[in-house]
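# Examination of the molecular architecture
The lines below spell out each chain.
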Amino acid sequence: QVQLVESGGGLVQAGGSLRLSCAASGSGFSRNTMGWYRQAPGKQRELVARIFSVGFTNYADSVKGRFTISRDNAKDTVYLQMNALKPEDTAVYYCNANVYGNDYWGQGTQVTVSS
């Protein structure tokens with residue numbers, strides 16, 4: 001089983017930055033596809049970024065050029081560096097691990113961006 005714990009959320013002004021962290025437990029972290037998703041008020045959860053075991057990344061169009069996903073396999077941790085934050089980035093951000101087709105989720109961390 002995989003356990004994921006997010007941290008780093010908070011309240012920031014538009015244009016500011018935050019770095020989210022997701023600490024994973026369980027073996028085989030380096031082989032897992034990791035992702036960040038978010039759910040804004042009244043909206044469906046959406047993919048923000050993914051990073052595959054080989055390091056390839058995907059980003060939602062809305063965050064390209066502003067967000068960077070990375071992973072530190074030695075620490076079993078995935079990060080989401082968020083720059084140039086906008087009010088529309090306000091959401092609960094969830095860490096995701098896909099392990100042989102099975103999804104695991106963290107509890108989420110709130111990111112609020114004020115205008």
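Since the model is a prediction, treat every value here as computed from it, not as a measurement. Sequence order as written defines the numbering, with residues in each chain counted from 1. At least 70 in pLDDT is required for a residue's local features to be given in this predicted model, at least 80 for side-chain atom pairs to be given and counted, and no such filter applies to totals for whole chains, interfaces and linings, which use all residues. Calculation of side-chain values draws on the structure's entire complement of heavy atoms; hydrogens and water are dropped beforehand.

### Some details on the sheet that holds strand β1 (residues 3-7)
Spatially, the 4 strands line up as an open sheet ordered β1-β3-β8-β7, and their pairing is antiparallel. At either end of the open sheet lies a strand with only one pairing partner, and these are β1 and β7 (67-72). Strand-to-strand twist across the sheet, computed as the mean angle between neighbouring axes with direction ignored, equals 15°. Two strands qualify as a pair provided that DSSP identifies no fewer than 2 bridges between them. Per the convention used, a helix needs a DSSP run of H or I reaching at least four residues, while a strand needs a run of E reaching at least two, with both numbered from the N terminus. As paired strands, β7 and strand β8 (residues 77-82) are joined by 6 bridges and run antiparallel to one another. Residue R71 lies in a different strand from β8, and its bridge partner there is V78. Axes here refer to lines fitted to C-alpha atoms; in helices the fit is confined to the stretch in contact. Angles between the N-to-C directions go from 0 to 180 degrees.

### Topic: the pattern of salt bridges
One side-chain nitrogen of Lys or Arg within 4 Å of one carboxyl oxygen of Asp or Glu is enough to make a salt bridge. Per the stated rule, a full pass over the model turns up 4 salt bridges. Note that R38 is salt-bridged to E46, the shortest N-O span being 2.8 Å. Residue R38 is classed as buried on the basis of its relative accessible area of 5%. A salt bridge links R38 to D89; the nearest nitrogen and oxygen atoms lie 2.9 Å apart. Residue R38 is found in strand β4 (residues 33-39), and its partner D89 is found in the loop between β8 and β9 (91-99); the two are separated by 51 residues along the sequence. Of the two residues examined, R38 and D89, each falls in the buried class. Beyond isolated ion pairs, a larger network of salt bridges with shared partners links R38, E46, R66 and D89. Each residue's exposure class comes from its accessible area (1.4 Å probe, protein chains only) as a fraction of the maximum for that residue type: buried when under 20%, exposed when over 50%, partly exposed otherwise.

### What about the state of the cysteines?
The disulfide definition used here is simple: a pair of cysteine sulfur atoms within 2.5 Å. Summed over all chains, the structure comprises 1 disulfide. In this model, C22 is linked to C95 through a disulfide, with the two sulfur atoms separated by 2.0 Å. Handedness here is read from the sign of the S-S torsion; for C22 and C95, about -85°, the answer is left-handed. Pair noted here: C22 is in strand β3 (residues 18-25) and C95 is in strand β9, with a separation of 73 residues, a long-range link.

### Points about the environment of T57
Tracing the chain through its elements places T57 in strand β6 (residues 57-59). Residue classification places T57 among the partly exposed residues on the basis of a relative accessible area of 25%. Note: C-alpha distance between T57 and I69 (12 residues apart in sequence) is 7.4 Å. Contacts were defined at the residue level, with two residues in contact if any of their heavy atoms lie within 4.5 Å. Those residues in contact with T57, other than ones at most four positions away along the chain, are R50, I51 and I69.

Taken by themselves, the reported measurements are silent on function.
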